[in-house]
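Here is how the chains run, residue by residue.
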Amino acid sequence: MRYPPAIGRPLSLTVAALLGTYLPQTSAATENVAMLEEVVVTARRKTEDLQATPVAVSAFGAEAIEQRSIRNIEDIGPLVPNVSIAPDAQAGSAAANIYIRGVGQQDFRIFTDPAVTMYVDGVLIPRAVGGLLNVLDVERIEVLKGPQGTLFGKNTVAGAIKLDSKRPAEQFEGSAYTTMGEDQRLDVGGSVSLPLSDQLFSKVALTRRSSDGWGQAKPLAPEFGAQPASSKRADEDLRAGLVQLDWRGDRVEARWSFDTTRSRSNGSPRHPFVPQPSLNPVNLAGFYNAVVQSAGLPLPLADAAGVPGDPYTTASTFGETANLDVWGSGLTLMWDIGEIGVKSITSYRSLENEIGIDLDGLQARIFDQFEENEQTQWGQELQLSGSAFDTRLDWVAGVFYFSEDGERDVTSQRLGSLLDLGLAAVVPALSTDFRRNMVTELESESSAVFGQGTFRITDRLSTTAGLRWSKEEKTLSGVQTFASGFPDERVVATGRNSDTWTSLTPRLSLEFQWHDDLMTYVSAAQGYKSGGFNGRLNPLLPNGGIQPYEPEEVWTAELGMRSEWWDQRLRLNATLFQSEYSDIQTETTQVIGGDVVNTVGNAAEAEIRGLEIDLLAQLTPSLRIDASLGYLDAEYTQIGETAVDIDEQTVFPRTPDWSATLGLEYAFNLAGGHDINTRIDLSYQGDTYSAINPADEPLADLKLDGYTLVNARVDYLTPGDWKFSAYVKNLTDKTYRVNADFLTSGLGVGYEIYGAPRQAGVSIKKYF
């Protein structure tokens, strides 16, 4: 599929001509309409106007975050074209599944690197686990689309997401709020800035969020006795805090911060589906049913009769969990040496995570899994920046070091309902490998040297060039054991492997400033995702299955326009891009002794083309409109012989052809200093798939139908610095799926996860 003809026309000239012809001209009636405010971003490691930045960036300031009721990173996804952010299909809210422009990573395990990396106050967050970051006193969120391999480094093959916290104020001030909503939602929190001296400033921010959740666990056959540990699903029990100290000297600034988050949840309800009678003894559900029926056991069958009619209900009796404990500390130093600015970022972070997974969602316990993850990291980055050649050259350079250690301990339980009856010694087939444990340990070190500069050739024409050299060393070790139902356990696979990878990731762009309000650019940039090791141990493979695979890379060419019209009351930005996606890390297969064994390898290449348009207009002093449109066309161009379940017609996961947003704001300025602000947001996402789906053998159960969501909010502000708000999310109560998984050959049944139904509430906030 290629672009429609209109998309391929010269972008800036076409839009400029249309706007110049049809936009209203300045008149006395419009002179009092406020101009759009400047949007400041740091996508190029420096503070600059979004309209002067030759990078595809979507940015949300503190006010926009509150107006859109954004509580965590997941809420950003529907608001940005060509971006998909969802809880992981298996890990739930404990891990993020992020795709930008068709590039992402479905595996959340610690031995797999994401394709989108997140940064909090300049500190790298390297893993999908813990990636659904909560918004706590955030000043700005930036979504950088496309490879960011020069300034940000590894695992930004698709892009990067940056969160910047609000810094302490230089005077005493703060706020406190409470939010109440459906499903017993109750949030309380606040922040306070306290100056300690003329140059030392502090701030503390705290929040507590709780909810019984919009899902439930309800067995359909309670006569069998099994009951879930908790009936709550999609619930929330979160506590988070942030402490900051800022020293602001004449030439030296120091910023120290400490943050912590404790989250407890029972995960989203996994609604089961049984697409066909599961009586095939080859898969687990079929084997389970055969045993239950032949022996006349008092157990529920794994069949369609065990599927709840309510999409927000699971029949699972397994104790599903999505628990997370994270804390970290960072120190940023900034000082000047002559005309050169120096910036140092030092950080340490720790993560502990527990995930309970019921892969079938049925009352019958077919396949359960409990996983624990631990990860620690520390990093150091040193940046130098300055200008030269009479300020015609702006440059930044630096070095980066990062080290992390992680451990994953996972136990999978097959046919738990049969084992609960003590049938392991009666049924020989149960004594093979019904319980498995796997422990993997990761050690990783990364280092890099980078530099980038922008040279103004003329007053209008400039060019940017950058290059990053990266080195990464990884060691992965693991052991797998089978338990036969008796006290002993058998070690069946062990392995250990180490490797080192290096890469060069350049960036080059040419920018032309047609006039003060119109800039166009063309750029080429490369990003890479780190190489690694297959972490799923298998006794049939050499070294227990811990085999290396190489980094994957993306080259992206962009043609962009950043423009303002109508006396800076209308902002129109557009980007055309094409990406060459190579050495894609995909599942591969090997046949060993007649058995098919799956691993990970570099087995595919692809092309991705697309378009992004963002519009913002201040139509009247009270009325503002914003809209965005995204288009994607992704296709595999080369498939390796060992790739599993994909060919050149395979549909990319989480890559809808079209996505769009529309937002309307209207402000009422009342007498006496009272204000009412209203906002409504619509977001559309086209059809897509939750996982790789062969086009010539479609799995309809993996298809996520397109949908439109509507959110609304009203804020009432008083002269006494009170804000009263009412909000509703999913106003039309749309039922839509966000995840699905179907393991035909191994499990025989599948599950689906739906997005939240309509949620409404009220909030009170006091500023002081």
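Residues numbered from 1 in each chain as written. Predicted model: local features only at pLDDT ≥ 70, side-chain atom pairs only at ≥ 80, totals over all residues. Heavy atoms only, no water.

You'll find the protein chain entered in an unreviewed UniProt entry as TonB-dependent receptor, with Parahaliea mediterranea given as the organism. UniProt annotates the protein chain under Subcellular location (unreviewed entry) with the comment "Cell outer membrane". (UniProt positions renumbered as here; feature names shortened; annotations may be inferred.)

Each helix and strand in the protein chain was counted, giving four helices and 42 strands. Across the 768 residues that make up the protein chain, the buried fraction comes to 56%. A separation threshold of at least 6 residues defines the contact pool for the protein chain, and within that pool the share at least 24 residues apart is 69%. Surface summary for the protein chain: the accessible area is close to 31300 Å², and the carbon and sulfur share equals 56%. (Helix = DSSP H or I, 4+ residues; strand = E, 2+ residues; numbered from the N terminus. Buried < 20%, exposed > 50% of the residue type's maximum accessible area, 1.4 Å probe, protein only. Contact = heavy atoms within 4.5 Å. Areas by Shrake-Rupley, 256 points an atom, 1.4 Å probe, with all protein chains shown as cover.)

Okay, the sheet that holds strand S5 (residues 92–100) next. With respect to topology, three strands assemble into an open sheet ordered S4-S5-S6, the strand pairing being antiparallel. The two strands at the open ends of the sheet, each matched to only one other strand, are strand S4 (83–88) and strand S6 (103–104). Strand direction decides the pairing type here: S5 and S6, joined by two bridges, are antiparallel. Looking at the pairing, Tyr99 lines up with Gly104 of S6. (Pairing = 2+ DSSP bridges.)

Here we come to the side chain of Asp246. Structurally, Asp246 is set in strand S16 (residues 236–248). Residue class for Asp246 comes out buried when judged on its relative accessible area of 1%. Among the polar contacts listed, one links the side chain of Asp246 to the side chain of Arg248, at a separation of 3.1 Å. Contacts of Asp246, omitting those with residues within four sequence positions, involve Arg167, Pro168, Gln199, Leu200, Phe201, Ala254, Arg255 and Trp256. (Polar contact = N/O pair within 3.5 Å; in protein donor to acceptor, adjacent residues only side chain to side chain.)

The next point concerns a nonpolar patch on the surface. A contiguous nonpolar surface patch, about 850 Å² in accessible area, is contributed by Phe172, Leu194, Leu196, Val204, Leu206, Val243, Leu245, Trp256, Leu331 and Phe768. Every element with two or more residues in the nonpolar patch is listed here: strand S13 (200–211) and S16. By the secondary structure assignment, Leu194 is in strand S12 (residues 185–195). (Patch = residues over 30% accessible without salt bridge, like charges linked within 9 Å, V, L, I, M, F, W, Y side chains within 5 Å. Salt bridge = Lys/Arg side-chain N within 4 Å of Asp/Glu carboxyl O.)

This model, assessed by the stated rule, comprises 49 salt bridges. A salt bridge links Lys765 to Glu66; the nearest nitrogen and oxygen atoms lie 3.5 Å apart. Here the residue Lys765 occupies a position in strand S42 (residues 759–767), and Glu66 occupies one in helix H2 (residues 62–67), the gap between them amounting to 699 residues. Arg255 is the salt-bridge partner of Glu253, the closest N and O atoms lying 3.8 Å from each other.

Attention shifts here to the pairing of strand S21 (residues 340–358). Bridging between strand S20 (residues 321–337) and S21 involves 17 bridges; their strand directions are antiparallel. Opposite Leu333, over in S21, you have Ser344 as the bridge partner. Between the antiparallel neighbours S20 and S21 lie two residues, among them Gly338 with a positive phi of about 65°. Across 18 bridges, the pairing between S21 and strand S22 (residues 367–388) is antiparallel. The residue of S22 that forms the bridge with Asn353 is Asn373.

With that settled, consider the sheet that holds strand S9 (residues 138–145). Spatial strand order, S3-S9-S10-S7-S8: five strands in an open sheet with mixed pairing. Edge positions in the sheet fall to strand S3 (56–61) and strand S8 (123–125), since each of these pairs with one other strand and no more. Each strand of the sheet is rotated relative to its neighbour by a mean of 20°, with strand direction disregarded. (Axes fitted to C-alpha atoms, helices over the stretch in contact; angles between N-to-C directions.)

Time to look at unusual backbone geometry. The backbone phi angle of Gln568 is positive, close to 60°, even though this residue is not glycine. Residue placement: Gln568 occurs in the loop between strand S30 (552–565) and strand S31 (570–592). One non-glycine residue, Asp733, adopts positive backbone phi at about 55°. Following the sequence through the fold, Asp733 ends up in the loop between strand S39 (722–729) and strand S40 (737–742). Asp733 gets classed as partly exposed once you look at its relative accessible area, which sits at 35%.

Position of Val710 among the secondary structure elements: in strand S38 (residues 707–717). The exposure class assigned to Val710 is buried, which follows from its relative accessible area of 11%. Residues Val710 and Val728 lie 18 residues apart in sequence; the distance between their C-alpha atoms is 8.5 Å.

Next up on the list: the side chain of Asn155. When you line up the elements, Asn155 lands in the loop between S9 and strand S10 (159–165). Side-chain polar atoms of Asn155 contact the side chain of Asp113, separated by 3.3 Å.

Let's shift gears to helix H3 (residues 284–295). Along an α-helix, residues three or four positions apart point the same way, because every turn accommodates 3.6 residues. If you check H3, its first and last C-alpha atoms are 17 Å apart, about what 12 residues at 1.5 Å a residue would give, namely 16 Å. All buried positions along H3 are accounted for by Leu284, Ala285, Gly286, Phe287, Tyr288, Asn289, Val291 and Val292. Where H3 is buried, its residues contact S22, strand S23 (393–414) and helix H4 (416–420). Directly after H3, the chain includes Gly296, whose backbone phi takes a positive value near 60°. (Expected span 1.5 Å × (residues − 1).)

Right, let's get into the nonpolar core. Judged by nonpolar contacts, the single largest core of 41 residues is most densely connected at Ile76, Ile85, Ile98, Ile141, Ile161 and Tyr581. Once you skip the residues sitting within four places of it in the chain, Ile161 turns out to touch Ile73, Ile85, Ile98, Val116, Thr117, Met118, Tyr119, Ile141, Glu142 and Val143. Of all hydrophobic cores here, the second largest spans 38 residues; its members include Ala128, Val292, Val738 and Ile753. (Core = buried A, V, L, I, M, F, W, Y, C linked by side-chain atoms within 4.5 Å.)

Structurally, Val396 can be placed in strand S23. Residues Val396 and Leu151, 245 residues apart in the sequence, show an inter-C-alpha distance of 9.1 Å. Apart from the residues lying within four places of it in its own chain, the contact partners of Val396 are Arg45, Leu151, Leu384, Ser385, Gly451 and Gln452.

This paragraph deals with a negative patch on the surface. Taken together, the side chains of Glu352, Glu354, Glu372 and Glu374 present a region of like negative charge at the surface. Listed by contribution, the elements that provide at least two residues to the negative patch are S21 and S22. Locating Glu374 in the fold gives a position in strand S22. (Lys, Arg positive; Asp, Glu negative; His and termini not counted. Charge placed at Lys NZ, Arg CZ, Asp CG, Glu CD.)

A few words on the packing of aromatic side chains. Under the defined criterion, the tally for this structure stands at 17 aromatic pairs. Summarising the aromatic geometry, the rings of Tyr716 and Phe724 are spaced 6.2 Å apart at their centres and angled 25° between planes, so their arrangement reads as stacked. Here Tyr716 falls in the partly exposed class, since its relative accessible area comes to 29%. Given a relative accessible area of 35%, Phe724 falls into the partly exposed group. Cluster of aromatic residues (ring-pair linked, three or more members): Trp214, Tyr312 and Tyr754. (Phe/Tyr/Trp six-rings, centres within 6.5 Å; stacked < 30°, edge-to-face > 60°.)

Once that is clear, we can look at the environment of Arg45. In this structure, Arg45 sits in the loop between strand S1 (40–41) and strand S2 (48–49). Distance from Arg45 to Gly122, taken between C-alpha atoms, is 9.3 Å for residues 77 residues apart in sequence. Apart from the residues lying within four places of it in its own chain, the contact partners of Arg45 are Leu151, Phe152, Glu381, Gln383 and Val396. Only 2.8 Å separates the side chain of Arg45 from the backbone oxygen of Leu151, close enough to count as a polar contact. Here Glu381 takes part through its side chain, which lies 3.5 Å from a polar atom of the side chain of Arg45.

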